[in-house]
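Take a look at the letters that make up each chain.
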Protein chains: 2
Amino acid sequence: MTLTLHNFFRSSTSTRLRAALNLKGLSYDQVSYALRKKEHQAPAYLAKNPAGLVPALELDDSTVLTQSLAIMEWLEETYPDPALLPSAPLARARVRALAYMIACEIHPLNNLRVLGRLGEQFGADEAAQKAWFTHWVTTTFDALETTLARDAATGDFCHGDTPGFADCCLYAQVWNNRRFGIPLDGWPTIAAIFDRLDALPAFQDAAPPNQPDAI
Amino acid sequence: MTLTLHNFFRSSTSTRLRAALNLKGLSYDQVSYALRKKEHQAPAYLAKNPAGLVPALELDDSTVLTQSLAIMEWLEETYPDPALLPSAPLARARVRALAYMIACEIHPLNNLRVLGRLGEQFGADEAAQKAWFTHWVTTTFDALETTLARDAATGDFCHGDTPGFADCCLYAQVWNNRRFGIPLDGWPTIAAIFDRLDALPAFQDAAPPNQPDAI
């Protein structure tokens with residue numbers, strides 16, 4: 001199976017999916033879409049993904065999978081080893097909830113098109129966009145830190161000592177935070193998990209600056 | 001198993017989860033949190049869910065599950081019949097992607113705390129909030145309509161003729177749209193699916209006006 005990843009180096013959802021692919025030990029070709037140039041809005045890509053969002057994963061029969069979390073679930077079902085979710089339903093719910101805290105409460109509010117809309121509709125300049133971005137990161141990272149720190153299920157990583165779905169999302173979000181220079185000082189558990197992830201080749205190889213399209 | 005649903009009648013994520021619980025034929029007690037009164041930010045609830053968001057599902061051993069999509073996956077794994085996801089991995093990926101289009105691209109941008117933040121940070125009044133809300137609904141509903149209309153996998157509902165995860169999210173989002181009076185005229189496939197869902201008791205019983213805390 002040849003996997004083609006339509007993505008962009010700086011896209012947080014792309015980073016989380018690259019990490020998952022790497023953890024699974026899967027190789028993939030990359031096609032890059034420069035978001036500021038609106039390459040993801042070109043007709044050829046919209047024919048593959050009407051939402052015009054990256055990432056998408058194309059299979060060798062031209063089937064196109066969209067939405068990073070849906071693709072990660074598909075990877076988990078199709079390439080179960082190594083597992084990125086624990087086996088017990090309550091543990092799986094915990095990991096998914098941690099992942100969705102980032103994927104549903106931070107990233108959707110802070111991606112490029114949303115910051116752009118703040119500029120268009122409210123005249124938000126760089127400083128106002130940073131304040132917005134920082135507000136939503138802080139709101140959810142405060143809760144995420146509490147959740148991780150108080151629960152014995154947290155280990156070297158978000159759940160135990162094996163990286164999984166939540167770690168892919170956390171790693172990508174911390175990279176995204178760096179765009180606005182948000183330090184991790186107030187969130188020691190998150191910071192420690194990030195450092196451990198960043199020492200793993202699967203995550204290093206998913207990091208934005210290490211992509212072929214990085215500028 | 002006694003299930004206690006911490007929720008609010010008008011919360012879109014609560015509506016989608018109520019629909020899933022109803023489709024599974026599960027009974028549950030409801031505890032209501034009036035969001036405008038910030039009841040979900042009270043210490044007793046924050047102890048259960050540090051993010052202070054509804055819904056959460058509490059089990060009779062006091063385990064608290066958070067994030068509606070994570071809870072729905074747990075329901076699917078724990079109470080598999082009737083299934084809310086198809087069995088084939090590619091079909092599951094399609095349904096999850098449709099669900100996440102709503103859950104990750106619309107709802108996070110349009111919930112009460114985000115509209116409130118627009119007011120606080122940018123002085124957005126009701127009309128500006130409506131323009132923001134409508135923009136994100138339109139952006140994704142346009143893509144969702146195209147995706148549903150062009151794919152033979154779409155049936156009476158989002159995937160075939162059995163309601164599932166994506167339908168729970170779609171139903172809740174359409175109810176949410178009504179708060180700002182957004183008609184479905186431009187999205188005939190979505191409108192037809194909504195009408196079919198709205199004829200089913202599981203969805204009727206999940207609808208905001210039919211909850212005990214509706215005002």
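Residues numbered from 1 in each chain as written. Chains lettered and ligands numbered in written order. Predicted model: local features only at pLDDT ≥ 70, side-chain atom pairs only at ≥ 80, totals over all residues.

Looking only at helices and strands, chain A has 10 helices and 4 strands in total. Helices and strands appear in chain A in the N-to-C order β-α-β-α-β-β-α-α-α-α-α-α-α-α. Taken against the 2.2 N^0.38 rule, which gives 17 Å for 215 residues, the C-alpha radius of gyration of chain A at 17 Å falls within 12% of a compact globule. Its C-alpha atoms put chain A at 50 × 45 × 30 Å along the principal axes. (Helix = DSSP H or I, 4+ residues; strand = E, 2+ residues; numbered from the N terminus. Rg over C-alpha atoms; globule rule 2.2 N^0.38 Å.)

With that settled, the discussion passes to the domain arrangement of chain A. Many authors give the size of an interface as the accessible area that is lost as the parts come together. Residue and element names in this part refer to chain A. Here the domain parsing of chain A yields domain 1 (4-82) and domain 2 (89-204). With 11 residues of domain 1 at the contact, the number on the domain 2 side is 15 residues. If you list the elements that add at least two residues to the side of domain 1 that touches domain 2, you get helix H1 (12-23) and helix H3 (68-78). By residue number, the principal contributor to the side of domain 1 that touches domain 2 is H1, which donates 8 residues. Here the side of domain 1 that touches domain 2 is composed, by residue class, of 6 nonpolar, 4 polar and 1 charged. (Domains from an automatic or database assignment. Contact = placed C-beta atoms within 7 Å. Nonpolar A, V, L, I, M, F, W, Y, C, P; charged D, E, K, R; others polar.)

Let us now look at the relation of the copies chain B and chain A. With an axial shift of 0.0 Å and an RMSD of 0.0 Å, the rotation relating chain B to chain A amounts to 180 degrees. Seen this way, the second copy is the image of the first under a two-fold rotation axis. Within chain B, B:Cys104 has its C-alpha nearest the rotation axis, a separation of 2.6 Å. When the interface residues of chain B are mapped onto chain A, 100% of them are again interface residues, pointing to one common binding face. (Least-squares fit on C-alpha atoms with pLDDT ≥ 70 in both.)

Turning our attention to the pairing of strand S1 (residues 4-7) of chain A. Side-chain direction in a regular strand flips from residue to residue, so the side chains alternate between the two faces of the sheet. All names here are of chain A. For S1 and strand S2 (residues 29-32), the ladder comprises 4 bridges, and the chain directions are parallel. If you follow asparagine 7 over to S2, its bridge partner there is serine 32. For the crossover from S1 across H1 to S2, the handedness is right-handed. Bridge count between S1 and strand S3 (residues 56-58): 3 bridges; the pairing is antiparallel. Following the sheet pairing, leucine 5 is matched in S3 by leucine 57. (Pairing = 2+ DSSP bridges. Right-handed = clockwise from strand over helix to strand, strands pointing away.)

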